[in-house]
Amino acid sequence: MTIENISCNKAFDGWHKQYTHQSTVLNCAMRFAVYLPPQASSKNPVPVMYWLSGLTCTDENFMQKGGALAAAAELGIAIVAPDTSPRGENVPDDEKQAYDLGLGAGFYVNATQAPWNKHYQMYDYVVDELPRLIEAHFPVNSQRVISGHSMGGHGALVIALRNPELYRSVTAFSPISNPINCAWGKKAFSAYLGEGADVWKQYDASELMRKTTARIPAMVEQGSSDDFLEEQLKPQALLKAAKVSNYPLTFNMADGYDHSYYFISAFIEKHLHFHALNLGLIKAQ
């Protein structure tokens, strides 16, 4: 589990670093970013928020534009941001190089269909391989929370709902809440998973929330002026599912906000405090 440091920048008395490593799960070289708050040390390992980004993004978008580092430094939470898909010369991409399939669009699933199944195992990478790597090399403990945006919001909700024992809380910004019923989801799931409703439902947050008996604390932030709100994101499906299962979902509709990092940066501090509360780092006021 060798990693190579490729950048290092001090921020808010902590350190933002980028690393590359050879992923066994994805069969390619991968890059991730980590922010270590000033509290992190071998004698004081800190919890981790895993951040999953959206379509076309890499590890850099959120770390540079999300506005999360100051609050993470204050609260003592490390942040880990993986890439959004496997990459490399031998990694398949969409033939038309579309933004919503292939490179930059892994959708956090385990692909079962050729040619994607050799590399596109992002679910296992985020749930298993990357955390083992992080916990082996950095002063962090095993307490995890997870968050993400758009495609990454979908990934965060699905991963937390399927693995509630691994995460103390989950939040999402503008998540693709019902991918089996939107164009982005149908395209990606058809390619990666083939034609099978039962398999698709395993990666649909609304379907999972409707049936779950777990109660991991969850919060969703959605902008009312998001161009993708009705056609792609479909938060009403998630709200209906939460009502069916009596799931304690906190849903916030932010008036006038869009799908951009301006939206994320406006509310990320609130989300970090939500995670800190569920990690026991702060007390409810």
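Residues numbered from 1 in each chain as written. Predicted model: local features only at pLDDT ≥ 70, side-chain atom pairs only at ≥ 80, totals over all residues. Heavy atoms only, no water.

> So what about the pattern of salt bridges? Which residues, and what values?
Tallying each qualifying case throughout the model produces 8 salt bridges. Residues glutamate 60 and arginine 31 are paired through a salt bridge, measuring 3.9 Å at the closest nitrogen-oxygen approach. Of this pair, glutamate 60 sits in helix 1 (residues 60-65) while arginine 31 is found in strand 3 (residues 28-36), placing the two residues 29 residues apart along the sequence. Note on glutamate 60: relative accessible area 30%, which makes it partly exposed. Here arginine 87 and aspartate 83 are joined by a salt bridge, their closest N and O atoms 2.5 Å apart. The structure contains a network of salt bridges with shared partners spanning Arg31, Asp59 and Glu60. (Salt bridge = Lys/Arg side-chain N within 4 Å of Asp/Glu carboxyl O. Helix = DSSP H or I, 4+ residues; strand = E, 2+ residues; numbered from the N terminus. Buried < 20%, exposed > 50% of the residue type's maximum accessible area, 1.4 Å probe, protein only.)

> Talk me through unusual backbone geometry; I want residue IDs and the actual numbers.
Between alanine 114 and proline 115 the backbone carries a cis peptide bond, its omega angle lying at 0°. Relative to the helices and strands, proline 115 is located in the loop between strand 5 (78-82) and helix 3 (122-137). A positive phi angle, near 65°, is found at aspartate 13, a position not held by glycine. Within the element layout of this structure, aspartate 13 appears in the loop between strand 1 (3-11) and strand 2 (14-23). The backbone of asparagine 27 shows a phi angle near 55°, a positive value even though the residue is not glycine. If you trace the backbone, asparagine 27 turns up in the loop between strand 2 and strand 3.

> If you had to explain the environment of histidine 137 to someone new, which residues and values would you point to?
By the secondary structure assignment, histidine 137 is in helix 3. Residue histidine 137 is classed as partly exposed on the basis of its relative accessible area of 36%. Each C-alpha atom of the pair histidine 137 and threonine 2 lies 9.0 Å from the other, and the pair is 135 residues apart in sequence. When neighbours within four sequence positions are excluded, histidine 137 is seen to be in contact with Met1 and Ile3. (Contact = heavy atoms within 4.5 Å.)

> Tell me about the environment of glutamate 207, residues and numbers included.
Position of glutamate 207 relative to the elements: it lies in helix 7 (residues 205-211). When the C-alpha positions of glutamate 207 and asparagine 178 are compared, they lie 7.6 Å apart, and in sequence the two are 29 residues distant. Residues contacting glutamate 207, with those up to four places away along its chain left out, are Ile180 and Lys201. Here the side chain of glutamate 207 touches arginine 210 through a polar contact of 3.4 Å, side chain to side chain. (Polar contact = N/O pair within 3.5 Å; in protein donor to acceptor, adjacent residues only side chain to side chain.)

> Which residues make up the sheet that holds strand 4 (residues 46-52), and what are the values?
Judged by pairing direction, the sheet is mixed, and its 9 strands sit side by side in the order 1-2-3-5-4-6-7-8-9 without closing on themselves. Among the strands making up the open sheet, the edge pair consists of strand 1 and strand 9 (249-254). For this sheet the average axis-to-axis angle between neighbouring strands, irrespective of direction, equals 20°. The pairing of strand 3 with strand 5 spans 4 bridges and is antiparallel. Note on strand 5: the bridge partner recorded for alanine 33 is alanine 81. Its contacts with the sheet put helix 4 (residues 151-162) on strand 4, strand 6 (140-149), strand 7 (170-173) and strand 8 (218-223), and the angle it makes with strand 6 is roughly 135°. On top of the sheet, helix 9 (residues 235-245) reaches strand 8 and strand 9; it is set at about 150° to strand 9, its chief contact. (Pairing = 2+ DSSP bridges. Axes fitted to C-alpha atoms, helices over the stretch in contact; angles between N-to-C directions.)

> Quick one: what's the story with the side chain of arginine 144, residue by residue and with numbers?
By the element assignment, arginine 144 lies in strand 6. Classification of arginine 144 by relative accessible area gives buried; the value is 10%. Within the local environment of arginine 144, its side chain forms a polar contact with the backbone oxygen of valine 127, the two atoms lying 3.2 Å apart. Excluding residues that lie within four positions of it along the chain, arginine 144 makes contacts with Val48, Tyr50, Val127, Pro131, Glu135, Leu166, Tyr167, Arg168 and Ser169.

> Lay out helix 10 (residues 261-279) with the relevant residues and their values.
Along its 19 residues, helix 10 runs 25 Å from first to last C-alpha, staying within 8% of the 27 Å computed at 1.5 Å per residue. Every buried residue of helix 10 is listed here: Tyr261, Phe263, Ile264, Phe267, Ile268, His271, Leu272, Phe274, His275, Ala276 and Leu279. Just downstream of helix 10 lies glycine 280, where phi reads positive at about 80°. (Expected span 1.5 Å × (residues − 1).)

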